[in-house]
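One letter stands for each residue in the lines below.
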Amino acid sequence: MSDPSSDKPSRAGRARMTGRERREQLIGIGRKHFADKGFEGATIEEIAASAGVSKPVVYEHFGGKEGLYAVVVDREIESLLNAVQGALTSGGSSREIIERAALALLGYVETSTDGFRILVRDSPAGQATGSFASLMSDIASQVEHILAAEFKSHRLDPKAAPMYAQMLVGMIALTGQWWLDSRRFKKHEVAAHVVNLAWNGLTGLEAKPTLTTDQT
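Residues numbered from 1 in each chain as written. Predicted model: local features only at pLDDT ≥ 70, side-chain atom pairs only at ≥ 80, totals over all residues. Heavy atoms only, no water.

Visitor: Account for empty space enclosed by the protein, with residues named and values stated.
Guide: Considering all chains together, one arrives at 2 cavities of 30 Å³ or more under this definition. In this structure, the largest cavity spans a volume of roughly 100 Å³. In this structure, the largest cavity is lined by Val84, Leu88, Ile98, Ala101, Ala102, Leu105, Ile139, Val143, Leu168, Val169 and Ile172. For the lining of the largest cavity, the element with the highest residue contribution is helix α6 (residues 94-111), accounting for 4 residues. In terms of residue class, the lining of the largest cavity is made up of 11 nonpolar, no polar and no charged. (1 Å grid on protein atoms, 1.4 Å probe; cavity = no way out; pocket = protein on both sides within 12 Å on 5 of 7 lines; lining within 4 Å. Points joined across faces, edges and corners; volume = space filled by probe spheres on them. Helix = DSSP H or I, 4+ residues; strand = E, 2+ residues; numbered from the N terminus. Nonpolar A, V, L, I, M, F, W, Y, C, P; charged D, E, K, R; others polar.)

Here it is as structure tokens:
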């Protein structure tokens, strides 16, 4: 029979964790479970067990699995949006801005793989949090003015810019999903090829595309 006193250090250790620390711990663990198993596959029981707490602790902080999932997704959306928005608003030529946007999204895939896996999954039924498609649509709306200016300079109809913005962002996003599991190319190589197609078109593709932006 085990000595009950052997549980005291772990209990004391858990008691010393503040509410904010516990919340952050659960968010991190939930993020991993949702990335590995999806919303439907992940369970409160498994998340609680991984955190070394009882299920009521998870419910106390988030109200349930849906609440925890919403917090995780909101954080990932904010992280990705901040990265892409920074690329779109940092100035430079239209091509440089597109290059930085591609690098920002691919950089997020590279450094936040679990987060990207969560975003590209379908949100659970009734979930208020935006889907990956709506997130990409938000980014596309920010790209519109860049393309509209480019269209005007080439005497093209700027009214078509929103449609082309969706095409461009969709191309980068889908390539990011492919690259998530196929890492045969480095990040800058993937970005260079994406911009090669977007900027030069099929008839003007470069055999060995490179980026004009800083690759450090």
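Visitor: Break down the side chain of Glu99 for me, citing the residues and quoting the values.
Guide: Assignment of secondary structure puts Glu99 in helix α6. For Glu99, a relative accessible area of 0% puts it in the buried group. Among the polar contacts listed, one links the side chain of Glu99 to the side chain of Thr212, at a separation of 2.9 Å. Setting aside its immediate chain neighbours within four residues, Glu99 contacts Val195, Thr210, Leu211, Thr212 and Thr213. (Buried < 20%, exposed > 50% of the residue type's maximum accessible area, 1.4 Å probe, protein only. Polar contact = N/O pair within 3.5 Å; in protein donor to acceptor, adjacent residues only side chain to side chain. Contact = heavy atoms within 4.5 Å.)

Visitor: Give me the lowdown on the pattern of salt bridges, citing residues and values where you can.
Guide: According to the stated counting rule, one finds 9 salt bridges in the structure shown. Of the charged contacts in the structure, one is a salt bridge between Lys187 and Glu110, with a shortest N-O distance of 3.5 Å. Taken together, the residues span a long stretch of sequence, with Lys187 in helix α10 (residues 187-200) and Glu110 in helix α6 at a distance of 77 residues. Note that Arg117 and Asp181 form a salt bridge whose closest N and O atoms lie 3.0 Å from each other. With Arg117 in helix α7 (residues 113-120) and Asp181 in helix α9 (residues 161-181), this pair connects stretches of sequence that are 64 residues apart. Look at Arg117 and you get partly exposed, because its relative accessible area is 26%. Linked through salt bridges whose partners overlap, the residues forming this network are Lys32, Asp36 and Asp114. (Salt bridge = Lys/Arg side-chain N within 4 Å of Asp/Glu carboxyl O.)

Visitor: Go over the UniProt feature "DNA-binding region" (unreviewed entry) in the protein chain, please, and point to the residues and values.
Guide: The feature "DNA-binding region" (unreviewed entry), as given by UniProt, occupies residues 43-62 in the numbering adopted here. For residues 43-62, the end-to-end C-alpha separation is 14 Å, with 80% helix and 0% strand making up the annotated structure. (UniProt positions renumbered as here; feature names shortened; annotations may be inferred.)

Visitor: Can you tell me about the packing of helix α2 (residues 19-41) against helix α5 (residues 65-88), naming the residues and giving the values?
Guide: Viewed as axis vectors pointing N to C, α2 and α5 meet at an angle of 95°, and their least axial separation amounts to 9 Å. Regarding the angle of α2 to α5, the classification is roughly perpendicular. Counting all contacts with α2, which are made through Arg23, Glu24, Leu26, Ile27, Gly30, Arg31, Phe34, Phe39 and Glu40, the residues of α5 involved are Lys65, Glu66, Leu68, Tyr69, Val71, Val72, Arg75 and Glu76. Considered class by class, the residues forming the contact of α2 with α5 number 8 nonpolar, 1 polar and 8 charged. (Axes fitted to C-alpha atoms, helices over the stretch in contact; angles between N-to-C directions. Parallel < 35°, antiparallel > 145°, perpendicular 65-115°, else oblique.)

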